[in-house]
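For reference, the chains in residue letters:
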Amino acid sequence: MPFLRFIPEATNIDFVGRRYYAFALDGLLLLISIVSIMTQGFNLGIDFTGGVMMQVKSAQTVDIGKVRGRVDSLGFGDPELQYFGGGECDKPANSCVMIRVQPHAAQSDQAVANGITTALGPGFTVRSTDVVGPKVSQELFRDGVLATLLAVLMIALYVAVRFEWQYGIGAAIATGHDVLVTAGMYSVLHLDFSLKSVAALLLLAGYSINDTVVVFDRIRENRRKYKRMSLPDLINLSTNHIATRTTLVSVATALSIIPLFFFGGRALFDFSAAILFGIVVGTFSSTYVAAALLLYLPPVGGGNKVEEKTA
């Protein structure tokens, strides 16, 4: 019985010839992202703005949806709630909840804690109350941005060492593009930008470079087989070889994230939305952009000169 195929086993798409359309679309996405970030910035979450963090415990398993409803009634905007475990919190399971809220300007931290305690009712005991100050929050934001930039640079360095420096430049531009455009999505849609968002960007950087390395590896392999083939033809051949694999991997990854997007609640909505958007952008840039950038760099290994036969 033949395998069920949703797309052809082999494709013959002129990726190089259509690169200008891809560059135009990417340029538009980058422009929108940069303008949005520069003009309206990010809707920073509690992690980066400071707030009150409380750990509460119930004698019974907690329905976090009901707890969120009680906290929402206090009008704190978009509070963050999550289960945590360990020690007494495992008896019973899911009996401890961490609540983080950003107080209004006129409210004291103690008033916030008292209000949450009253809203939760006598069935909960407060284990601890902490205040995250704005200075600490600013340091977290700075460190998150720095971690993302260093990740992109180290990925580019790895690719440059693993392949050649031209590939490293292409990887840095493609990966940086994916991270910046996804960050721009947070700004454009006013999604909460928190530590989970930084985790999403770092995850996307790793996912994007995985696709890019697959393309580069096939180009390097075919360069050894077809030494007289022009670089545009070589890029088209290599990209078509892995187009089916890349598409199936992206679809499979997206299918694992879609349930989180629809059923993960507000706590995971922004994270899963960023991952889904990043998968689309990362697949597009790995297929159309990363390899095409080699056309504008010195010939790799001194061979396969750029001859615009297919452009």
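From a predicted model like this one, the values you see are computed outputs, not experimental measurements.

Caption draft 1: A look at helix 1 (residues 19-39). The end-to-end C-alpha distance of helix 1 is 30 Å, a good match for the 30 Å that 21 residues give at a rise of 1.5 Å each. Taken together, the buried positions of helix 1 are occupied by Arg-19, Ala-22, Asp-26, Ser-33 and Ser-36. The arc that holds the buried residues of helix 1, viewed along the axis, is 135°, so those residues lie on one side. Residues of helix 1 that are exposed and angled more than 90 degrees away from the buried face: Tyr-21, Ala-24, Leu-31, Met-38 and Thr-39. Positive phi shows up at Gly-41, right after helix 1, with a value of about 65°.

Caption draft 2: Quick look at the pairing of strand 4 (residues 96-101). In terms of burial, strand 4 is a largely internal element, six of the six residues being buried. By the alternation rule, side chains of strand 4 split into Cys-96, Met-98 and Arg-100 and Val-97, Ile-99 and Val-101, which are all buried. As defined by bridge partners, strand 3 (residues 80-83) adjoins strand 4 across four bridges and the pair is classed as antiparallel. Directly across from Glu-80, in strand 4, lies its bridge partner Arg-100.

Caption draft 3: Quick look at the pattern of salt bridges. In total, this model carries seven salt bridges according to the counting rule given. Between Lys-225 and Glu-221 there is a salt bridge; the shortest N-O distance is 3.5 Å. One end of the pair, Lys-225, and the other, Glu-221, are both in helix 7 (residues 195-225), four residues apart, so they sit about a helical turn from each other. Given the relative accessible area of 34%, Glu-221 is considered partly exposed.

Caption draft 4: Spotlight on a nonpolar patch on the surface. Taken together, Leu-25, Leu-28, Ile-32, Val-188 and Leu-189 make up a surface patch of nonpolar side chains, about 420 Å² in accessible area. Contributing elements (two or more residues each) for the nonpolar patch: helix 1 and helix 6 (165-189). In terms of residue count, the dominant contributor to the nonpolar patch is helix 1 (three residues). In this fold, Leu-189 is placed in helix 6.

Caption draft 5: Representation of the packing of aromatic side chains within the structure. Tallied over the full model, the rule gives eleven aromatic pairs. With centroids separated by 6.5 Å and ring planes inclined at 55°, the aromatic side chains of Phe-262 and Phe-263 adopt a geometry described as tilted. For Phe-263, a relative accessible area of 72% puts it in the exposed group. A connected cluster of aromatic rings, assembled from ring pairs, spans Phe-42, Phe-141, Tyr-186 and Phe-193.

Each value, and the rule that gives it
Residues numbered from 1 in each chain as written. Predicted model: local features only at pLDDT ≥ 70, side-chain atom pairs only at ≥ 80, totals over all residues. Heavy atoms only, no water. Helix = DSSP H or I, 4+ residues; strand = E, 2+ residues; numbered from the N terminus. Expected span 1.5 Å × (residues − 1). Buried < 20%, exposed > 50% of the residue type's maximum accessible area, 1.4 Å probe, protein only. Arc of directions from axis to C-beta. Pairing = 2+ DSSP bridges. Salt bridge = Lys/Arg side-chain N within 4 Å of Asp/Glu carboxyl O. Patch = residues over 30% accessible without salt bridge, like charges linked within 9 Å, V, L, I, M, F, W, Y side chains within 5 Å. Areas by Shrake-Rupley, 256 points an atom, 1.4 Å probe, with all protein chains shown as cover. Phe/Tyr/Trp six-rings, centres within 6.5 Å; stacked < 30°, edge-to-face > 60°.

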